[in-house]
Amino acid sequence: MPAQKNRNRLLAVIATPEPPPTVRHMNGSDLAAFLMDPQRTHTVVVVSFLPENALRIDAQEVAALLGADAQVFELANGPETHKLQKGVPERLHVFGNSARVYPHGAQWMGRTPRPHILHSAAYLPQLYTILEHDFLAAEHFESNQQSTTTSLPVLSEAEVKGFPSDDRAMVELLSNGQRAVIRGEDLLPGIPLEWLLHKGQRLTGIFDPATDALNVKSLLLPHASPVTVYKHGDVALARVKSVTPSHALVHLWPGSDFRIGVARISSNDLDSAVDLLTEGEVVRVRVLYENGAVVLSMLDVDDDEPAITAPPLLRGGPPWLDYDRPYASIFTAATSVAGLAPSPAAAGSPAGVSGVGQARTELAGPDSASEEALLTPAERRTALRSTQMQLELARHTIAELLEAQKRQGATDKVARALQDQLEAERRGAAELARLHNTAEHQIEALREDLARTKSALVQLKQQRRSTTSRTDAPMEKLFLDSAEQFKFDVQLAWARLVPAVDKAAHPLSDYGCSAHFLASWSSITEQQRSKTLRAVVDLAAGMTGSLRKREAHPLRLNEGAHAGLTMRGEDVCMRLYVEKGTAGALRLHYWKLGAGGVELHEVVSHDVVKP
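Residues numbered from 1 in each chain as written. Predicted model: local features only at pLDDT ≥ 70, side-chain atom pairs only at ≥ 80, totals over all residues. Heavy atoms only, no water.

The next subject is the sheet that holds strand β12 (residues 247-251). The strand order across the open sheet formed by 5 strands is β13-β12-β11-β14-β15, and the pairing between neighbours is antiparallel. With partners counted over all chains shown, the strands left at the sheet margins are β13 (257-261) and β15 (293-297), one partner each. Averaged over neighbouring strand pairs, the angle between their axes works out to 50° when direction is ignored. Relative to β15, strand β14 (residues 282-290) is paired through 5 bridges, and the arrangement is antiparallel. (Pairing = 2+ DSSP bridges. Helix = DSSP H or I, 4+ residues; strand = E, 2+ residues; numbered from the N terminus. Axes fitted to C-alpha atoms, helices over the stretch in contact; angles between N-to-C directions.)

It is worth spelling out the side chain of T43 at this point. Its location among the elements puts T43 in strand β2 (residues 43-49). Here the side chain of T43 touches H104 through a polar contact of 3.1 Å, side chain to side chain. When residues no more than four places from it in sequence are discounted, the contact partners of T43 are D69, A70, Q71, V101, Y102, P103, H104, F135, A138 and E139. (Polar contact = N/O pair within 3.5 Å; in protein donor to acceptor, adjacent residues only side chain to side chain. Contact = heavy atoms within 4.5 Å.)

The strands that make up a sheet pair up through hydrogen bonds in the backbone, lying either parallel or antiparallel. Taking strand neighbours across the sheet as the criterion, the 5 strands line up as β1-β3-β2-β4-β5 in an open arrangement whose pairing is mixed. Each edge of the open sheet is held by one strand with a lone partner, namely β1 (23-25) and β5 (116-117). Sheet topology places β2 next to strand β3 (residues 70-76); 7 bridges connect them, and they run parallel. Paired with V47 across the strands is E74, a residue of β3. Sitting on the sheet, helix α3 (residues 59-66) touches β1, β2 and β3, and the angle it makes with β3 is about 170°.

Note that A64 resides in helix α3. With relative accessibility at 55%, the residue A64 sits in the exposed group. Placed 42 residues apart in sequence, A64 and T22 show a C-alpha to C-alpha distance of 8.0 Å. (Buried < 20%, exposed > 50% of the residue type's maximum accessible area, 1.4 Å probe, protein only.)

Considering only enclosed or pocket space, the largest pocket measures out at about 590 Å³ in volume. Lining the largest pocket we find 19 residues, and of these L118, H119, E440, H441 and E444 sit closest to its centre. Counting residues per element, the lining of the largest pocket draws most heavily on helix α11 (residues 377-471), at 10 residues. Tallied by class, the residues present in the lining of the largest pocket amount to 8 nonpolar, 7 polar and 4 charged. (1 Å grid on protein atoms, 1.4 Å probe; cavity = no way out; pocket = protein on both sides within 12 Å on 5 of 7 lines; lining within 4 Å. Points joined across faces, edges and corners; volume = space filled by probe spheres on them. Nonpolar A, V, L, I, M, F, W, Y, C, P; charged D, E, K, R; others polar.)

One non-glycine residue, D212, adopts positive backbone phi at about 55°. Of note, D212 is situated in the loop between β9 (202-208) and β10 (213-215). Since its relative accessible area comes to 33%, D212 is described here as partly exposed.

How two helices sit against one another is set out by the angle between their axes and by the gap between those axes. The geometry of helix α2 (residues 28-36) relative to helix α4 (residues 79-87) is characterised by a closest axis approach of 7 Å and an angle of 35° between their N-to-C directions. The interaxial crossing formed by α2 with α4 has right-handed handedness. On α4, the residues that touch G28, S29, L31, A32, L35 and M36 of α2 are E80, K83, L84 and G87. Its residues assigned to classes, the contact of α2 with α4 comprises 5 nonpolar, 3 polar and 2 charged. (Left-handed = near helix turned anticlockwise from the far one by under 90°.)

What follows covers the pattern of salt bridges. Applying the stated criterion across every chain, the model contains 21 salt bridges. Salt-bridge contacts for R179 lead to E172; the nearest nitrogen and oxygen are separated by 3.6 Å. Close ionic contact of K241 with D257 constitutes a salt bridge, the shortest N to O distance being 2.9 Å. Of this pair, K241 sits in strand β11 (residues 235-243) while D257 sits in strand β13, and the two are 16 residues apart along the sequence. The exposure class of K241 is partly exposed, given its relative accessible area of 38%. A single salt-bridge network, built from bridges that share partners, covers E159, K161 and R202. (Salt bridge = Lys/Arg side-chain N within 4 Å of Asp/Glu carboxyl O.)

We now examine the packing of aromatic side chains. Per the counting criterion, the structure on display carries 8 aromatic pairs. With 4.9 Å between their ring centres and 65° between their planes, F486 and F517 make a pair best called edge-to-face. Taken together, the positions of F486 in helix α12 (residues 482-497) and F517 in helix α13 (residues 515-522) put the pair 31 residues apart, joining distant regions of the chain. Taking the relative accessible area as the measure of exposure, F486 reaches 0% and is therefore buried. The class of F517 is buried, set by a relative accessible area of 0%. When the centroid spacing of 6.2 Å and the interplanar angle of 20° are considered together, the rings of F517 and W521 count as stacked. Of this pair, F517 and W521 both sit in helix α13, separated by 4 residues, roughly a single helical turn. W521 carries the same exposure label as F517, and that label is buried. (Phe/Tyr/Trp six-rings, centres within 6.5 Å; stacked < 30°, edge-to-face > 60°.)

Put into structure tokens, the structure is as follows:
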């Protein structure tokens, strides 16, 4: 039973310290037989890699991540993965830079997840998370099938029903309708679950009957990089983490903190970041890439400018930031107008009436009129001159602002031209990246074709060796006379060795056999006879070519440079290679007759140089 099995494992861990997980190695055929063994009781993870590629899945890290319950095997792509493919059912193999989880138990082939291929180094952390999820699903399937009352955690699918609090989400298990809870501390503490999940979302996690908790931590997405989500100039949502008078610390998602100086928050040198931003609120920021660094700015962001949707933090979840959510307000207290403190009436004013409007109402009310009526003519003239001076100062300020706007317009044109040039360069870089990616895929396909071709070549060589070994089998003796038997053997060898299309061009010429030759022929082995027959066929049929270099040469009287030829009247004694590169390699001595034709003289070892 699974429970007893886990207890036995726990006792074993208490008794002796568990050694660190190791990566196992096995050839493709043996690994296929191991996977197909019906008595296999462990989930297996197979990691394949390209030997010539530095980018690969770290099998040792996978073994450390999954623990001792997983058996991790590493296999080189090529002939070994082809052997694995031949030994398992269709579509259950693994190849290239990839990894695959193979469950155990009954009908494991129908529950085997697909292989996960590593396309880039940035995908590696997510791939490890997916492998862990597949492994946990395989490990808990058998125990979940055998007993529905077990107290062990099981893999379950559930649907989100609601959020009773920021750190709790109620879910319903789809298998039996049981209610469970997702706890915020199991995912991202401090982030409300409503930012990670949405009502009606279906998800899969580990359900613990002892606590009625569903753990979906495996669905957390790895930290992304801003360059994979936002382009230069995009408006993004960010959450204010902390504020000081000189800067604010914001993050696009948890763990990605960016510092924004007050100069990029407000163009007014007198402003303080504390007066403009509040910790916890969500703001719009513009994402800029300057000299290879990510820079956030709030200077030129309009309130109605659309923002890029924030990425989710959980697989299948909603955007983790939404500008319409009720976050903390920018202002923590009512703002005073022109240095006036709010009156008691302002504190109880209805919604929609601003402090400014209320102050103006108070200034324009009956009390103000009675105070104006009490002013003397000299005081009213003084007030009029003061108002005119303020109006003139406002006109001067407006003129300066218009001139600055013109200068800014010229600068904006240059900036737009540079921005257009930058965008063109980015498009060119993206096209080059696409071509590079296509080339890599083509190279990978060519490498796989080369591996298949090499494997087919090895098989053909094996078949050729098998055919040759059958050809070298002992020949049946059909004649009592050894000379007649030898001529029959030569005729049969010629028929086998010379292709049908070449037989007319290379017929057997006249040849004879001396008594010495037949005596030496009877003293050699069957394999040496087969080689000698091929040499005789090459000689009698006049076969030449790169594969027929037997180096026939005259046999001289001695080793001197000017030694004479070994002659028999007009006949010349010749020497021909039968074997090369072996101890005691055979040579064929024959007479090249002056009247035409040849006479086979003797088969000798290479150190015999006399006829």
